[in-house]
Amino acid sequence: MENGTTREYVGHCLVLALPAQGHISPALQFSKRLVQKRVRVTLVSTIYFFNNLPQNDITSDSNITLETISCGFDEGGYEEAGSLEAYWDSLRHVGSRTLSELVRRLASSGAPPVDCIVYDSHLPWALDVAKGLGLMGASFMTQPCAVDSVYFHAYNKWMKLPLEEDEGKDGISLPALPLLAPSDLPSFLCGYDESDSFKRELGFNQFSNIDKADWVLVNSFYELEHEVVEWMKKIWPLKTIGPTVPSMLMDKRIKDDTNYGISLFNNNDEEACIKWLNHKPKGSVVYVSFGSLATLSENQMEEMALGLKESECYFLWIVRESEESKLPKDFTKMTSEKGIIVKWCPQLQVLSHEAVGCFVTHCGWNSTLEALCLGVPMVGVPQWGDQNTNAKFIKDVWKIGIRVQVDEKGCFTRQEMKECVKEIMKSERGKEIKKNVMYWRNVAINAIGEGGSSDQNIDQFVSDLVHSSQKGHGLI
Ligand code: UDP
(Lines give C-alpha, C1' and ligand atoms only; values in the text may rest on other atoms or scores of the structure.)
Protein backbone atom coordinates (compact mmCIF):
# COMPACT_ATOMS: atom_id res chain seq x y z
CA MET A 1 0.00 0.00 0.00
CA GLU A 2 1.17 3.55 -0.62
CA ASN A 3 2.23 5.66 2.31
CA GLY A 4 -0.89 7.47 3.47
CA THR A 5 0.75 10.38 5.22
CA THR A 6 1.08 12.54 2.12
CA ARG A 7 -2.03 11.52 0.29
CA GLU A 8 -5.19 13.52 -0.09
CA TYR A 9 -8.35 11.74 0.86
CA VAL A 10 -11.65 12.02 -0.97
CA GLY A 11 -13.79 10.93 1.96
CA HIS A 12 -13.72 9.24 5.34
CA CYS A 13 -15.47 5.94 6.16
CA LEU A 14 -15.79 4.49 9.61
CA VAL A 15 -15.92 0.73 9.09
CA LEU A 16 -17.54 -1.05 12.04
CA ALA A 17 -16.72 -4.77 12.20
CA LEU A 18 -18.46 -7.43 14.25
CA PRO A 19 -15.86 -8.81 16.67
CA ALA A 20 -15.29 -12.24 15.10
CA GLN A 21 -12.63 -13.66 12.77
CA GLY A 22 -15.01 -14.25 9.87
CA HIS A 23 -16.28 -10.66 10.04
CA ILE A 24 -13.18 -8.60 10.83
CA SER A 25 -11.18 -9.98 7.88
CA PRO A 26 -13.63 -8.95 5.14
CA ALA A 27 -14.15 -5.56 6.83
CA LEU A 28 -10.40 -4.98 6.94
CA GLN A 29 -9.90 -6.14 3.35
CA PHE A 30 -12.67 -3.88 2.08
CA SER A 31 -11.03 -1.06 4.03
CA LYS A 32 -7.78 -1.69 2.16
CA ARG A 33 -9.63 -1.42 -1.16
CA LEU A 34 -11.17 1.88 -0.04
CA VAL A 35 -7.77 3.25 0.97
CA GLN A 36 -6.43 2.27 -2.44
CA LYS A 37 -9.16 4.52 -3.87
CA ARG A 38 -8.14 7.39 -1.60
CA VAL A 39 -10.79 6.99 1.06
CA ARG A 40 -9.60 7.45 4.61
CA VAL A 41 -10.67 4.55 6.83
CA THR A 42 -11.13 4.22 10.57
CA LEU A 43 -11.65 0.54 11.36
CA VAL A 44 -13.62 -0.01 14.54
CA SER A 45 -14.43 -3.02 16.69
CA THR A 46 -14.83 -3.59 20.42
CA ILE A 47 -12.28 -2.78 23.14
CA TYR A 48 -12.38 -6.40 24.33
CA PHE A 49 -11.74 -7.73 20.83
CA PHE A 50 -8.73 -5.55 20.04
CA ASN A 51 -7.26 -6.02 23.55
CA ASN A 52 -7.34 -9.78 23.17
CA LEU A 53 -5.85 -10.25 19.71
CA PRO A 54 -2.66 -12.31 19.82
CA GLN A 55 -1.82 -11.18 16.31
CA ASN A 56 -2.47 -7.80 14.81
CA ASP A 57 -0.22 -6.61 12.00
CA ILE A 58 -2.22 -3.61 10.95
CA THR A 59 -1.16 -1.08 13.56
CA SER A 60 1.92 -0.51 11.43
CA ASP A 61 -0.29 0.39 8.48
CA SER A 62 -0.69 4.14 8.63
CA ASN A 63 -3.51 4.16 6.11
CA ILE A 64 -6.06 2.51 8.37
CA THR A 65 -6.59 3.85 11.86
CA LEU A 66 -7.91 1.47 14.50
CA GLU A 67 -10.48 2.68 17.02
CA THR A 68 -12.72 0.98 19.54
CA ILE A 69 -16.22 1.08 20.95
CA SER A 70 -17.42 -0.72 24.06
CA CYS A 71 -19.66 -3.78 24.15
CA GLY A 72 -20.25 -3.16 27.85
CA PHE A 73 -17.97 -6.06 28.80
CA ASP A 74 -14.49 -4.68 28.17
CA GLU A 75 -12.70 -7.07 30.51
CA GLY A 76 -14.35 -10.40 29.70
CA GLY A 77 -16.31 -9.91 26.46
CA TYR A 78 -18.87 -12.53 25.61
CA GLU A 79 -17.88 -14.83 28.50
CA GLU A 80 -18.44 -12.03 30.98
CA ALA A 81 -21.90 -11.35 29.55
CA GLY A 82 -22.96 -14.90 30.38
CA SER A 83 -25.39 -15.35 27.49
CA LEU A 84 -25.72 -14.48 23.83
CA GLU A 85 -28.82 -12.42 24.57
CA ALA A 86 -27.11 -10.36 27.30
CA TYR A 87 -24.08 -9.78 25.08
CA TRP A 88 -26.05 -8.59 22.06
CA ASP A 89 -28.31 -6.41 24.14
CA SER A 90 -25.34 -4.69 25.74
CA LEU A 91 -23.47 -4.40 22.45
CA ARG A 92 -26.48 -2.61 20.97
CA HIS A 93 -26.97 -0.18 23.87
CA VAL A 94 -23.40 0.54 24.93
CA GLY A 95 -22.14 0.13 21.36
CA SER A 96 -24.57 2.77 20.02
CA ARG A 97 -23.59 5.26 22.68
CA THR A 98 -19.84 4.76 22.35
CA LEU A 99 -20.00 4.74 18.54
CA SER A 100 -21.72 8.08 18.58
CA GLU A 101 -19.13 9.41 21.05
CA LEU A 102 -16.33 8.11 18.82
CA VAL A 103 -17.65 9.93 15.73
CA ARG A 104 -17.90 13.17 17.71
CA ARG A 105 -14.43 12.69 19.19
CA LEU A 106 -12.94 12.13 15.72
CA ALA A 107 -14.65 15.31 14.49
CA SER A 108 -13.17 17.37 17.29
CA SER A 109 -9.72 15.82 16.92
CA GLY A 110 -9.03 17.64 13.71
CA ALA A 111 -9.28 14.47 11.58
CA PRO A 112 -11.37 14.80 8.41
CA PRO A 113 -15.00 14.33 9.47
CA VAL A 114 -16.58 10.91 8.98
CA ASP A 115 -18.87 10.83 5.92
CA CYS A 116 -20.24 7.33 6.18
CA ILE A 117 -20.49 4.43 8.62
CA VAL A 118 -19.99 1.08 6.88
CA TYR A 119 -21.39 -1.38 9.43
CA ASP A 120 -21.60 -5.15 9.63
CA SER A 121 -25.18 -5.95 8.65
CA HIS A 122 -25.65 -7.78 11.96
CA LEU A 123 -25.15 -4.47 13.80
CA PRO A 124 -28.10 -2.51 12.32
CA TRP A 125 -28.18 -0.08 15.27
CA ALA A 126 -25.06 1.49 13.75
CA LEU A 127 -27.25 2.76 10.90
CA ASP A 128 -29.50 4.49 13.43
CA VAL A 129 -26.40 6.10 14.94
CA ALA A 130 -25.24 7.22 11.47
CA LYS A 131 -28.61 8.69 10.58
CA GLY A 132 -28.93 10.35 14.00
CA LEU A 133 -25.63 12.10 13.33
CA GLY A 134 -26.56 13.10 9.79
CA LEU A 135 -24.10 10.65 8.20
CA MET A 136 -24.52 8.14 5.41
CA GLY A 137 -24.71 4.45 6.20
CA ALA A 138 -23.73 1.31 4.28
CA SER A 139 -24.77 -2.15 5.40
CA PHE A 140 -21.91 -4.61 4.84
CA MET A 141 -23.02 -8.21 4.39
CA THR A 142 -20.41 -10.91 5.02
CA GLN A 143 -22.52 -13.77 3.66
CA PRO A 144 -23.39 -14.46 0.02
CA CYS A 145 -26.43 -12.90 -1.64
CA ALA A 146 -28.14 -16.31 -1.81
CA VAL A 147 -28.09 -16.59 1.98
CA ASP A 148 -29.14 -12.98 2.50
CA SER A 149 -32.03 -13.50 0.12
CA VAL A 150 -33.24 -16.62 1.95
CA TYR A 151 -33.13 -14.76 5.28
CA PHE A 152 -34.98 -11.84 3.70
CA HIS A 153 -37.76 -14.13 2.49
CA ALA A 154 -38.09 -15.68 5.92
CA TYR A 155 -38.01 -12.24 7.59
CA ASN A 156 -40.87 -11.07 5.39
CA LYS A 157 -42.78 -14.30 5.99
CA TRP A 158 -42.74 -14.92 2.22
CA MET A 159 -41.50 -18.34 3.20
CA LYS A 160 -43.45 -20.31 5.79
CA LEU A 161 -41.52 -21.35 8.89
CA PRO A 162 -41.14 -23.64 10.70
CA LEU A 163 -41.30 -26.20 7.91
CA GLU A 164 -43.66 -29.11 8.53
CA GLU A 165 -42.08 -32.54 8.41
CA ASP A 166 -43.11 -33.22 4.84
CA GLU A 167 -42.72 -29.75 3.52
CA GLY A 168 -40.04 -28.81 1.08
CA LYS A 169 -39.25 -32.45 0.35
CA ASP A 170 -38.99 -31.62 -3.34
CA GLY A 171 -37.31 -28.35 -2.59
CA ILE A 172 -38.36 -24.85 -1.67
CA SER A 173 -38.66 -22.50 -4.58
CA LEU A 174 -37.55 -18.89 -4.09
CA PRO A 175 -36.99 -16.30 -6.83
CA ALA A 176 -33.58 -16.33 -8.55
CA LEU A 177 -32.38 -19.31 -6.51
CA PRO A 178 -32.18 -23.04 -7.25
CA LEU A 179 -34.61 -25.36 -5.46
CA LEU A 180 -33.46 -25.60 -1.86
CA ALA A 181 -34.04 -28.66 0.31
CA PRO A 182 -34.49 -28.02 4.05
CA SER A 183 -30.91 -29.19 4.55
CA ASP A 184 -29.76 -26.41 2.17
CA LEU A 185 -31.38 -23.63 4.20
CA PRO A 186 -29.52 -21.65 6.85
CA SER A 187 -29.84 -23.96 9.87
CA PHE A 188 -31.27 -21.31 12.21
CA LEU A 189 -34.36 -21.10 10.01
CA CYS A 190 -35.16 -24.75 10.61
CA GLY A 191 -33.94 -25.20 14.18
CA TYR A 192 -36.41 -25.19 16.99
CA ASP A 193 -34.37 -24.70 20.14
CA GLU A 194 -34.12 -21.39 21.95
CA SER A 195 -30.66 -20.49 20.76
CA ASP A 196 -31.72 -21.09 17.14
CA SER A 197 -34.63 -18.74 17.53
CA PHE A 198 -32.35 -16.01 18.92
CA LYS A 199 -29.83 -16.53 16.12
CA ARG A 200 -32.70 -16.43 13.64
CA GLU A 201 -33.62 -13.02 15.10
CA LEU A 202 -30.03 -11.89 14.60
CA GLY A 203 -30.28 -12.95 10.96
CA PHE A 204 -33.55 -11.06 10.61
CA ASN A 205 -32.29 -7.93 12.35
CA GLN A 206 -30.15 -7.17 9.32
CA PHE A 207 -33.32 -6.06 7.59
CA SER A 208 -34.98 -4.13 10.44
CA ASN A 209 -33.93 -0.71 9.10
CA ILE A 210 -32.14 -1.61 5.87
CA ASP A 211 -34.49 0.58 3.84
CA LYS A 212 -32.70 3.57 5.36
CA ALA A 213 -29.24 2.37 4.21
CA ASP A 214 -27.61 4.42 1.46
CA TRP A 215 -25.84 1.30 0.18
CA VAL A 216 -25.91 -2.44 0.76
CA LEU A 217 -22.47 -3.93 0.14
CA VAL A 218 -21.95 -7.68 -0.15
CA ASN A 219 -18.75 -9.72 0.04
CA SER A 220 -19.47 -11.63 -3.15
CA PHE A 221 -19.10 -10.90 -6.86
CA TYR A 222 -21.65 -10.38 -9.57
CA GLU A 223 -20.71 -13.28 -11.84
CA LEU A 224 -20.95 -15.79 -9.01
CA GLU A 225 -24.57 -15.05 -8.17
CA HIS A 226 -25.83 -12.72 -10.88
CA GLU A 227 -29.46 -13.88 -10.82
CA VAL A 228 -30.00 -13.29 -7.14
CA VAL A 229 -27.91 -10.10 -7.27
CA GLU A 230 -30.24 -8.74 -9.96
CA TRP A 231 -33.25 -9.73 -7.85
CA MET A 232 -31.89 -8.01 -4.73
CA LYS A 233 -30.83 -4.91 -6.65
CA LYS A 234 -34.50 -4.25 -7.35
CA ILE A 235 -35.06 -3.90 -3.61
CA TRP A 236 -31.90 -2.20 -2.30
CA PRO A 237 -28.98 -0.14 -3.64
CA LEU A 238 -26.88 -3.31 -3.60
CA LYS A 239 -23.28 -3.63 -4.74
CA THR A 240 -21.11 -6.72 -4.70
CA ILE A 241 -17.59 -5.70 -3.67
CA GLY A 242 -15.77 -9.01 -3.16
CA PRO A 243 -14.13 -11.35 -2.92
CA THR A 244 -12.20 -9.76 -0.05
CA VAL A 245 -9.24 -12.12 -0.42
CA PRO A 246 -5.90 -10.24 -0.15
CA SER A 247 -4.92 -8.47 -3.32
CA MET A 248 -1.51 -10.12 -3.75
CA LEU A 249 -3.28 -13.49 -4.11
CA MET A 250 -5.68 -12.00 -6.64
CA ASP A 251 -5.18 -8.89 -8.78
CA LYS A 252 -1.85 -7.89 -7.15
CA ARG A 253 -2.66 -4.16 -7.16
CA ILE A 254 -2.12 -3.56 -3.42
CA LYS A 255 1.53 -4.37 -2.93
CA ASP A 256 1.70 -5.20 0.81
CA ASP A 257 -1.62 -6.99 0.92
CA THR A 258 -0.53 -10.59 1.32
CA ASN A 259 -2.69 -11.60 4.27
CA TYR A 260 -5.46 -10.39 6.55
CA GLY A 261 -3.20 -9.07 9.29
CA ILE A 262 -5.66 -9.71 12.12
CA SER A 263 -5.81 -13.15 13.67
CA LEU A 264 -7.78 -14.28 16.68
CA PHE A 265 -5.49 -17.23 17.22
CA ASN A 266 -1.73 -17.56 17.46
CA ASN A 267 -0.01 -18.67 14.28
CA ASN A 268 2.79 -20.36 16.23
CA ASP A 269 2.78 -23.39 13.95
CA GLU A 270 3.11 -21.37 10.74
CA GLU A 271 6.69 -22.35 10.00
CA ALA A 272 6.11 -26.00 10.83
CA CYS A 273 3.06 -26.19 8.54
CA ILE A 274 4.72 -24.60 5.55
CA LYS A 275 7.93 -26.62 6.01
CA TRP A 276 5.88 -29.80 6.19
CA LEU A 277 3.93 -28.87 3.04
CA ASN A 278 7.15 -28.01 1.20
CA HIS A 279 8.16 -31.67 1.41
CA LYS A 280 4.93 -33.07 -0.03
CA PRO A 281 4.21 -33.74 -3.71
CA LYS A 282 1.98 -31.38 -5.69
CA GLY A 283 -1.73 -31.82 -4.95
CA SER A 284 -1.16 -34.63 -2.44
CA VAL A 285 -2.37 -33.04 0.82
CA VAL A 286 -5.89 -32.83 2.25
CA TYR A 287 -6.31 -29.65 4.31
CA VAL A 288 -9.00 -29.89 7.00
CA SER A 289 -10.43 -26.93 8.93
CA PHE A 290 -13.74 -26.01 10.51
CA GLY A 291 -13.00 -22.32 10.93
CA SER A 292 -12.88 -20.30 14.11
CA LEU A 293 -16.13 -21.32 15.81
CA ALA A 294 -17.60 -24.67 14.73
CA THR A 295 -17.11 -27.66 17.01
CA LEU A 296 -17.45 -31.37 16.17
CA SER A 297 -18.77 -33.99 18.58
CA GLU A 298 -16.34 -36.59 19.88
CA ASN A 299 -17.90 -39.14 17.58
CA GLN A 300 -17.52 -36.90 14.53
CA MET A 301 -13.90 -36.17 15.45
CA GLU A 302 -13.27 -39.89 15.48
CA GLU A 303 -15.02 -40.47 12.13
CA MET A 304 -13.08 -37.56 10.65
CA ALA A 305 -9.79 -38.91 12.01
CA LEU A 306 -10.33 -42.46 10.81
CA GLY A 307 -11.72 -41.33 7.46
CA LEU A 308 -8.53 -39.35 6.87
CA LYS A 309 -6.37 -42.27 7.97
CA GLU A 310 -8.18 -44.74 5.72
CA SER A 311 -7.98 -42.40 2.72
CA GLU A 312 -4.20 -42.90 2.93
CA CYS A 313 -3.66 -39.31 1.79
CA TYR A 314 -1.39 -36.81 3.49
CA PHE A 315 -3.36 -34.42 5.69
CA LEU A 316 -2.97 -31.15 7.57
CA TRP A 317 -5.78 -30.86 10.12
CA ILE A 318 -6.58 -27.76 12.19
CA VAL A 319 -7.85 -28.74 15.62
CA ARG A 320 -8.26 -25.67 17.81
CA GLU A 321 -7.01 -25.94 21.39
CA SER A 322 -10.56 -26.18 22.74
CA GLU A 323 -11.17 -29.25 20.51
CA GLU A 324 -7.97 -31.19 21.10
CA SER A 325 -9.31 -33.38 23.89
CA LYS A 326 -11.80 -34.93 21.44
CA LEU A 327 -9.11 -36.44 19.20
CA PRO A 328 -8.94 -40.25 19.37
CA LYS A 329 -6.22 -41.43 21.73
CA ASP A 330 -2.81 -41.78 20.06
CA PHE A 331 -4.18 -40.67 16.69
CA THR A 332 -1.40 -38.12 16.22
CA LYS A 333 1.26 -40.71 16.98
CA MET A 334 -0.42 -43.36 14.85
CA THR A 335 -0.56 -41.13 11.77
CA SER A 336 2.63 -39.11 12.14
CA GLU A 337 3.95 -40.46 8.81
CA LYS A 338 0.92 -39.15 6.97
CA GLY A 339 -0.35 -36.08 8.72
CA ILE A 340 0.09 -33.18 11.08
CA ILE A 341 -2.43 -31.61 13.40
CA VAL A 342 -1.97 -28.00 14.46
CA LYS A 343 -4.08 -25.55 16.47
CA TRP A 344 -4.29 -22.82 13.81
CA CYS A 345 -2.48 -22.05 10.55
CA PRO A 346 -2.10 -19.25 8.03
CA GLN A 347 -4.97 -20.62 5.94
CA LEU A 348 -4.37 -18.39 2.92
CA GLN A 349 -0.77 -19.55 2.67
CA VAL A 350 -1.83 -23.16 3.09
CA LEU A 351 -4.54 -22.98 0.43
CA SER A 352 -2.10 -21.29 -1.96
CA HIS A 353 0.49 -24.03 -1.44
CA GLU A 354 0.83 -26.33 -4.45
CA ALA A 355 0.96 -29.41 -2.20
CA VAL A 356 -2.68 -28.91 -1.18
CA GLY A 357 -5.16 -30.82 -3.35
CA CYS A 358 -8.37 -30.72 -1.35
CA PHE A 359 -10.03 -28.68 1.41
CA VAL A 360 -12.35 -30.43 3.85
CA THR A 361 -14.28 -27.41 5.12
CA HIS A 362 -17.27 -26.38 7.21
CA CYS A 363 -18.13 -24.05 4.30
CA GLY A 364 -17.88 -20.79 6.24
CA TRP A 365 -18.20 -18.01 3.66
CA ASN A 366 -14.62 -16.78 4.03
CA SER A 367 -13.20 -20.28 3.71
CA THR A 368 -15.43 -20.92 0.70
CA LEU A 369 -14.30 -17.76 -1.07
CA GLU A 370 -10.67 -18.44 -0.20
CA ALA A 371 -10.80 -21.96 -1.66
CA LEU A 372 -12.56 -20.66 -4.77
CA CYS A 373 -10.05 -17.82 -5.22
CA LEU A 374 -7.04 -20.07 -4.64
CA GLY A 375 -8.31 -22.91 -6.82
CA VAL A 376 -8.78 -25.65 -4.20
CA PRO A 377 -11.65 -28.17 -4.60
CA MET A 378 -13.74 -28.70 -1.46
CA VAL A 379 -15.41 -31.45 0.52
CA GLY A 380 -18.21 -29.61 2.31
CA VAL A 381 -19.08 -30.63 5.85
CA PRO A 382 -21.48 -27.81 6.81
CA GLN A 383 -22.30 -27.47 10.50
CA TRP A 384 -24.74 -24.59 10.95
CA GLY A 385 -25.96 -21.19 9.83
CA ASP A 386 -25.21 -20.18 6.26
CA GLN A 387 -22.80 -23.11 5.80
CA ASN A 388 -25.61 -25.38 4.53
CA THR A 389 -26.55 -22.98 1.77
CA ASN A 390 -22.91 -22.36 0.85
CA ALA A 391 -22.40 -26.15 0.60
CA LYS A 392 -25.40 -26.45 -1.74
CA PHE A 393 -23.91 -23.84 -4.09
CA ILE A 394 -20.41 -25.34 -3.87
CA LYS A 395 -21.71 -28.72 -4.97
CA ASP A 396 -24.65 -28.08 -7.29
CA VAL A 397 -24.31 -24.56 -8.70
CA TRP A 398 -20.61 -23.74 -9.00
CA LYS A 399 -19.59 -27.42 -9.00
CA ILE A 400 -16.36 -26.69 -7.14
CA GLY A 401 -16.72 -29.41 -4.55
CA ILE A 402 -18.81 -32.19 -3.11
CA ARG A 403 -20.70 -32.56 0.17
CA VAL A 404 -20.56 -35.38 2.70
CA GLN A 405 -23.73 -37.40 3.07
CA VAL A 406 -25.07 -37.33 6.60
CA ASP A 407 -27.66 -39.38 8.50
CA GLU A 408 -30.83 -38.00 10.09
CA LYS A 409 -28.77 -36.68 13.02
CA GLY A 410 -26.47 -34.80 10.65
CA CYS A 411 -23.53 -37.20 11.18
CA PHE A 412 -21.13 -38.60 8.55
CA THR A 413 -19.23 -41.88 8.75
CA ARG A 414 -15.49 -42.52 8.33
CA GLN A 415 -16.30 -44.51 5.17
CA GLU A 416 -18.14 -41.52 3.69
CA MET A 417 -15.29 -39.16 4.59
CA LYS A 418 -12.75 -41.50 3.03
CA GLU A 419 -14.82 -41.83 -0.19
CA CYS A 420 -15.31 -38.06 -0.48
CA VAL A 421 -11.61 -37.33 -0.03
CA LYS A 422 -10.68 -39.99 -2.58
CA GLU A 423 -13.25 -38.68 -5.03
CA ILE A 424 -11.65 -35.23 -5.00
CA MET A 425 -8.06 -36.47 -4.92
CA LYS A 426 -8.20 -39.44 -7.25
CA SER A 427 -11.27 -39.57 -9.53
CA GLU A 428 -12.24 -38.16 -12.93
CA ARG A 429 -14.97 -36.15 -11.22
CA GLY A 430 -12.27 -34.69 -8.98
CA LYS A 431 -10.41 -33.50 -12.10
CA GLU A 432 -13.60 -31.85 -13.44
CA ILE A 433 -14.12 -30.12 -10.12
CA LYS A 434 -10.55 -28.85 -10.15
CA LYS A 435 -11.14 -27.43 -13.65
CA ASN A 436 -14.30 -25.69 -12.44
CA VAL A 437 -12.62 -24.16 -9.44
CA MET A 438 -9.79 -22.84 -11.63
CA TYR A 439 -12.44 -21.31 -13.91
CA TRP A 440 -14.08 -19.55 -10.95
CA ARG A 441 -10.70 -18.42 -9.65
CA ASN A 442 -10.13 -16.52 -12.90
CA VAL A 443 -13.60 -15.01 -12.85
CA ALA A 444 -13.02 -13.86 -9.25
CA ILE A 445 -9.66 -12.29 -10.10
CA ASN A 446 -11.24 -10.45 -13.02
CA ALA A 447 -14.14 -9.25 -10.85
CA ILE A 448 -11.87 -7.58 -8.27
CA GLY A 449 -9.19 -6.59 -10.80
CA GLU A 450 -9.11 -3.23 -12.56
CA GLY A 451 -12.41 -2.56 -14.34
CA GLY A 452 -14.00 -5.78 -13.07
CA SER A 453 -17.54 -5.91 -11.69
CA SER A 454 -16.55 -5.49 -8.02
CA ASP A 455 -13.86 -2.93 -8.82
CA GLN A 456 -16.42 -0.85 -10.71
CA ASN A 457 -18.86 -1.17 -7.83
CA ILE A 458 -16.26 0.06 -5.35
CA ASP A 459 -15.44 2.97 -7.70
CA GLN A 460 -19.14 3.77 -7.89
CA PHE A 461 -19.47 3.61 -4.10
CA VAL A 462 -16.54 6.01 -3.69
CA SER A 463 -17.88 8.37 -6.34
CA ASP A 464 -21.36 8.37 -4.68
CA LEU A 465 -19.67 8.99 -1.34
CA VAL A 466 -17.78 11.98 -2.70
CA HIS A 467 -20.88 13.47 -4.33
CA SER A 468 -23.09 12.95 -1.32
CA SER A 469 -20.58 14.46 1.08
CA GLN A 470 -20.19 17.46 -1.25
CA LYS A 471 -23.98 17.85 -1.11
CA GLY A 472 -23.63 18.55 2.59
CA HIS A 473 -24.05 15.32 4.52
CA GLY A 474 -22.11 15.69 7.72
CA LEU A 475 -22.14 15.62 11.46
CA ILE A 476 -25.17 17.28 13.06
N1 UDP B 1 -8.52 -19.46 9.36
C2 UDP B 1 -7.14 -19.33 9.52
N3 UDP B 1 -6.46 -20.38 10.04
C4 UDP B 1 -7.04 -21.53 10.42
C5 UDP B 1 -8.44 -21.66 10.26
C6 UDP B 1 -9.15 -20.60 9.71
O7 UDP B 1 -6.56 -18.30 9.18
O8 UDP B 1 -6.34 -22.42 10.91
C9 UDP B 1 -9.27 -18.30 8.81
C10 UDP B 1 -9.76 -18.56 7.41
O11 UDP B 1 -8.75 -18.21 6.47
C12 UDP B 1 -11.01 -17.69 7.33
C13 UDP B 1 -11.49 -17.58 8.76
O14 UDP B 1 -10.45 -18.08 9.58
O15 UDP B 1 -10.69 -16.42 6.82
C16 UDP B 1 -12.74 -18.40 9.03
O17 UDP B 1 -13.83 -17.77 8.48
P18 UDP B 1 -15.06 -18.57 7.91
O19 UDP B 1 -16.06 -17.58 7.43
O20 UDP B 1 -14.62 -19.59 6.93
O21 UDP B 1 -15.60 -19.37 9.16
P22 UDP B 1 -16.03 -18.95 10.66
O23 UDP B 1 -14.80 -19.01 11.47
O24 UDP B 1 -16.63 -17.56 10.59
O25 UDP B 1 -17.01 -20.01 11.01
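So, how was this worked out
- Residues numbered from 1 in each chain as written.
- Predicted model: local features only at pLDDT ≥ 70, side-chain atom pairs only at ≥ 80, totals over all residues.
- Heavy atoms only, no water.
- Near = heavy atom within 4 Å.
- Polar contact = N/O pair within 3.5 Å; in protein donor to acceptor, adjacent residues only side chain to side chain.
- Areas by Shrake-Rupley, 256 points an atom, 1.4 Å probe, with all protein chains shown as cover.
- Helix = DSSP H or I, 4+ residues; strand = E, 2+ residues; numbered from the N terminus.
- Nonpolar A, V, L, I, M, F, W, Y, C, P; charged D, E, K, R; others polar.
- Contact = heavy atoms within 4.5 Å.
- Phe/Tyr/Trp six-rings, centres within 6.5 Å; stacked < 30°, edge-to-face > 60°.
- Buried < 20%, exposed > 50% of the residue type's maximum accessible area, 1.4 Å probe, protein only.
- Lys NZ or Arg CZ within 6 Å of the ring centre and 35° of its normal.

1. Side note on the site of the ligand
Around the ligand sit 18 residues, and of these Ser-292, Cys-345, Asn-366, Ser-367 and Glu-370 come closest. Cys-345 is positioned with one of its backbone polar atoms (N or O) 2.6 Å from a nitrogen atom of the ligand. Here an oxygen atom of the ligand sits 2.9 Å away from a polar atom, N or O, in the side chain of Asn-366. Taking 540 Å² as the accessible area of the ligand by itself, protein coverage stands at 93%. Contributing elements (two or more residues each) for the shell around the ligand: α1 (21-36), β10 (285-289) and α14 (365-374). Among the elements that line the shell around the ligand, the one with the most residues is α14, at four residues. Partitioning the shell around the ligand into residue classes produces seven nonpolar, ten polar and one charged.

2. Some points on the environment of Gln-349
Locating Gln-349 in the fold gives a position in helix α13 (residues 347-352). Sequence separation of Gln-349 and Phe-140 is 209 residues, and the distance between their C-alpha atoms is 26 Å. In contact with Gln-349, not counting residues within four places along its chain, are Glu-270 and Ile-274.

3. Comments concerning the packing of aromatic side chains
With the rule as written, the count across this model stands at 23 aromatic pairs. When the ring of Tyr-87 is compared with that of Trp-88, the centres are 6.5 Å apart and the planes differ by 90 degrees; the resulting orientation is edge-to-face. Its relative accessible area of 9% is what places Tyr-87 among the buried residues. Plain terms: the ring middles of Trp-365 and Trp-398 are 6.1 Å apart, the flat faces sit at 45 degrees to each other, and that makes the pair tilted. With a gap of 33 residues between them, Trp-365 in helix α14 and Trp-398 in the loop between α15 (387-397) and β15 (401-403) connect regions that are remote in the sequence. The same class applies to Trp-365 as to Trp-398, namely buried. One residue, Lys-280, lies across the ring of Trp-276, its end atom 4.5 Å from the ring centre. Positioned above the aromatic ring of Tyr-314 is the side chain of Lys-338, whose terminal nitrogen or guanidinium carbon lies 4.6 Å from the ring centre.

Without other data, these values stay purely geometric and don't point to any function.
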